[in-house]
Each structure stands twice: as structure tokens, then as C-alpha cells.
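# Chain and residue survey
This is what each chain is made of:
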Amino acid sequence: MRKFLLGALALLGGVALFTSNASAALTFSECPAIGSGPSCAFRIEFGKSTTSIIDAGFAAGAGRTYDSAFGDDTLIGLFNDANSGRTLTSVVLGSTKPIFGFDGDGACAIKPAACTTHDSTGYGPNGVTFSPLSFFQGTVLFPALAPGQTAWFSLEAEIPPGTIHIGGIPELSTWAMMIIGFVGVGMQLHRRKSGAYVSA
């Protein structure tokens, strides 16, 4: 009986440890708590020469998203490191999710008190605006973010880890122009090479 109790306690302790580690998430102070989102699901950190996206580690659904009615919409924080040595006004984002497909339920629409001002979409608080190229890529514009300062905004869709990145995905027209350029360069090199054989 004693061995059984010790085994049961060890099992419960292991389950509790696993559960606490699995549910541990970072709390980024840039974003207010909105709906089912306790804070930013992601933080974009600007360093001296790098920009990185940090995932808070929330589970899918409530927590990762603030709009529990539809299970979408994500809070994003901006943090300009005190040692970055640069003032920033924009960041280009791309995703496999339609993060710029705004449908009117931005963070400022859900919790107006969190926003002193907001853009026409309701996703950009306190001077943040957007310049989308498509549903999947665009530029987030914000008031000058000096070293040590923070800001936040919201994006459409639930964004799983690894599906958002800095920089855009080239449009089809851009790919077409690049391919045409490579073909043109290849043809010029081929002409030069074949011309050298003829003249020799």
C-alpha cells in the first residue's frame, strides 16, 4: 500500500510539473488584456542590427487570440531595445495567414478604452496604421519608436508559431519580373559566349 501511495504521488507530481511547463507563457507588457487575450501573443523586438519575433507561447484559441467569438485576431507588441541605437517608424510583415484581411473586429473595436485613437480598421491603436499589399503581407506604420519605447497593435487571424515573419513574400508580378530578368541576363551571356566562338 505504501509503494502504491508513493507511486501515485510521484505520478501526480509529474503530471503537475508537465502541466505547469506546458501552460507557461511569456507575458509581454506592451499589449493590454483584451477579450480572451491576456497580453501580446507575439512581440517584435528591434535590436541593434536585428529584428526578431518572439512567440509568447500561448495555446491555440483563447489566449493566443483575443476574439474568442470567432477564434481569431491576434495582439502584437513592439519593443525597441534601449541599446538599438535607432528610431523606427515601420515594419514589414508577411504570413501564410491573412493577417491584413481586416474584418472590423480589431482590438479597438473590442475594447475602445485601450485605444486613445485608432485607424479606420480598428486594428491600429494610438497612431498605428497599415499599408497592406495583400491579405498576407504589408507594412505596419507607427509613431516614431525611440530606443526603449514600446507600442502594440492587432492583426487579423489566429497566427500559429512560425507563420509570421519580418519582410514580405514577393507578389506574383515581382516573381515574373525577376524570372524575365534572369532569362534576359542568360540570353545576353549566351550571345556573348556564342559570339566569341564565331569571331575566333
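Presented here is a report on the structure given in the accompanying data block. (Residues numbered from 1 in each chain as written. Predicted model: local features only at pLDDT ≥ 70, side-chain atom pairs only at ≥ 80, totals over all residues. Heavy atoms only, no water.)

This part takes up the sheet that holds strand β5 (residues 129-134). As a general point, the strands of a sheet are linked pairwise by backbone hydrogen bonds and lie either parallel or antiparallel. With respect to topology, 4 strands assemble into an open sheet ordered β5-β6-β4-β8, the strand pairing being antiparallel. Strands with a single pairing partner mark the edges of an open sheet, and in this sheet they are β5 and β8 (164-166). Pairwise comparison of adjacent strand axes, ignoring direction, gives a mean angle of 30° for this sheet. Sheet topology note: the strand β4 (residues 88-95)/β8 ladder contains 3 bridges and is antiparallel. (Pairing = 2+ DSSP bridges. Helix = DSSP H or I, 4+ residues; strand = E, 2+ residues; numbered from the N terminus. Axes fitted to C-alpha atoms, helices over the stretch in contact; angles between N-to-C directions.)

Attention now moves to the state of the cysteines. Applying the stated criterion across every chain yields a total of 2 disulfides. The residue that forms a disulfide with C31 is C40, at a sulfur-sulfur distance of 2.0 Å. With the S-S dihedral at roughly 105°, the linkage between C31 and C40 falls on the right-handed side. The exposure class assigned to C31 is buried, which follows from its relative accessible area of 6%. Linked covalently through their sulfurs, C108 and C115 form a disulfide whose S-S length is 2.0 Å. An S-S torsion of about -95° defines the bridge between C108 and C115 as left-handed. Both residues of the pair, C108 and C115, count as buried. (Disulfide = S-S within 2.5 Å. Buried < 20%, exposed > 50% of the residue type's maximum accessible area, 1.4 Å probe, protein only.)

The subject of this paragraph is the environment of P98. As for its position among the elements, P98 is in the loop between β4 and α2 (107-110). Accessibility expressed as a relative area gives 31% for P98, which makes it partly exposed. With 57 residues separating them along the chain, P98 and L155 place their C-alpha atoms 8.9 Å apart. For P98, the contacting residues outside a window of four places in its chain are F135, F136, E156 and A157. (Contact = heavy atoms within 4.5 Å.)

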